[in-house]
Amino acid sequence: WYRYHPTCRGDATVSLCGSTFDTKLAVYGRFCPAETPEAIACNDDYCFTQSQVTFPVNPRGEYLLRIGGYHGAQGSGSITIYTNPADINQDCFVNLLDAAQLAYPWQAGGCVTPTWCNRADINHDGFVNMLDLMILVENWLEP
């Protein structure tokens, strides 16, 4: 079990992609599920045998993440949680400050640290490029 407190309103994505075992993932509200639990979101196989879910969040909300292995599978895991991927500086707004951070790795001749690369790689394809800029602009123009 993990507890997640989002900082922004919107959709959060929890991903176990990159884990070394067959994962299962369920998201619950503030309290542990009762005998008949109703998950907000759940998934078994999103990226091959690893799980990923997207669900609406509120910054005053609290969410419980239940991670397990299919039929008791075990291994090392990787969990990534992100809200709007175009909000690179994570201030809950998509604006020119995000565009400036997206441009920074290009100006510096590459990513300065893995953190910069991860935040600027909006579509999570391993590259900071025009596709990331297009997603940023698209999110910026949405009402």
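Model, not experiment: these values are computed from the prediction. (Residues numbered from 1 in each chain as written. Predicted model: local features only at pLDDT ≥ 70, side-chain atom pairs only at ≥ 80, totals over all residues. Heavy atoms only, no water.)

(A) Here's a closer look at the overall build of the protein. Along the backbone of the protein there are three helices and seven strands. Of the regular secondary structure in the protein, the N- to C-terminal order runs β-β-β-β-β-β-β-α-α-α. Considering the protein as a whole, with its 143 residues, one finds that 31% of them fall into the buried category. Taking contacts inside the protein between residues at least 6 apart in sequence as the whole, the part at least 24 apart equals 68%. Accessible surface, the protein: about 8900 Å² in total, of which carbon and sulfur atoms supply 55%. (Helix = DSSP H or I, 4+ residues; strand = E, 2+ residues; numbered from the N terminus. Buried < 20%, exposed > 50% of the residue type's maximum accessible area, 1.4 Å probe, protein only. Contact = heavy atoms within 4.5 Å. Areas by Shrake-Rupley, 256 points an atom, 1.4 Å probe, with all protein chains shown as cover.)

(B) Structural detail: the environment of Gly75. In this structure, Gly75 sits in the loop between strand 6 (63-69) and strand 7 (80-82). For the pair Gly75 and Ser19, spaced 56 residues apart in the sequence, the C-alpha separation amounts to 7.4 Å. Those residues in contact with Gly75 that lie beyond four places of it in its chain are Thr20 and Phe21.

(C) How the structure looks around a nonpolar patch on the surface. Residues Tyr2, Ile79 and Ile81 make up a contiguous nonpolar surface patch of roughly 270 Å² in combined accessible area. On the secondary structure map, Ile81 appears in strand 7. A relative accessible area of 35% means that Ile81 is categorised as partly exposed. (Patch = residues over 30% accessible without salt bridge, like charges linked within 9 Å, V, L, I, M, F, W, Y side chains within 5 Å. Salt bridge = Lys/Arg side-chain N within 4 Å of Asp/Glu carboxyl O.)

(D) Quick look at the pairing of strand 6. Summarising the sheet, strand 1 (residues 2-4) and strand 6 pair through three bridges and their orientation is antiparallel. Residue pairing in the sheet places Arg3 in a bridge with Leu64 of strand 6. Taken together, the six bridges between strand 3 (residues 23-28) and strand 6 define a ladder with antiparallel strand orientation. Residue pairing across strands places Ala26 opposite Arg66, the latter belonging to strand 6. (Pairing = 2+ DSSP bridges.)

(E) Examining the sheet that holds strand 7 more closely. Spatially, three strands are ordered 5-2-7 in an open sheet, and the strand pairing comes out antiparallel. This sheet does not close on itself; its edge strands, each paired only once, are strand 5 (52-57) and strand 7. Across the sheet, the mean angle separating the axes of adjacent strands is 15° when strand polarity is ignored. Across three bridges, strand 2 (residues 10-15) lies against strand 7 in antiparallel orientation. (Axes fitted to C-alpha atoms, helices over the stretch in contact; angles between N-to-C directions.)

(F) Expanded view of the nonpolar core. Counting residues in hydrophobic clusters, the biggest one holds 12 residues: Tyr4, Ala12, Val14, Leu16, Leu25, Val27, Ala41, Val53, Phe55, Val57, Tyr63 and Leu65. When contributions to this core are tallied by element, the ones reaching two or more residues are strand 2, strand 3, strand 5 and strand 6. With three residues, strand 5 is the single largest residue contributor to this core. Among all residues touching Tyr63, those that are not within four sequence positions of it are Tyr2, Arg3, Tyr4, Pro6, Val27, Tyr28, Gly29, Ile40, Phe55, Pro56, Val57 and Asn58. Ala86, Val94, Ala99 and Leu136 belong to the second largest nonpolar core, which has six residues in total. (Core = buried A, V, L, I, M, F, W, Y, C linked by side-chain atoms within 4.5 Å.)

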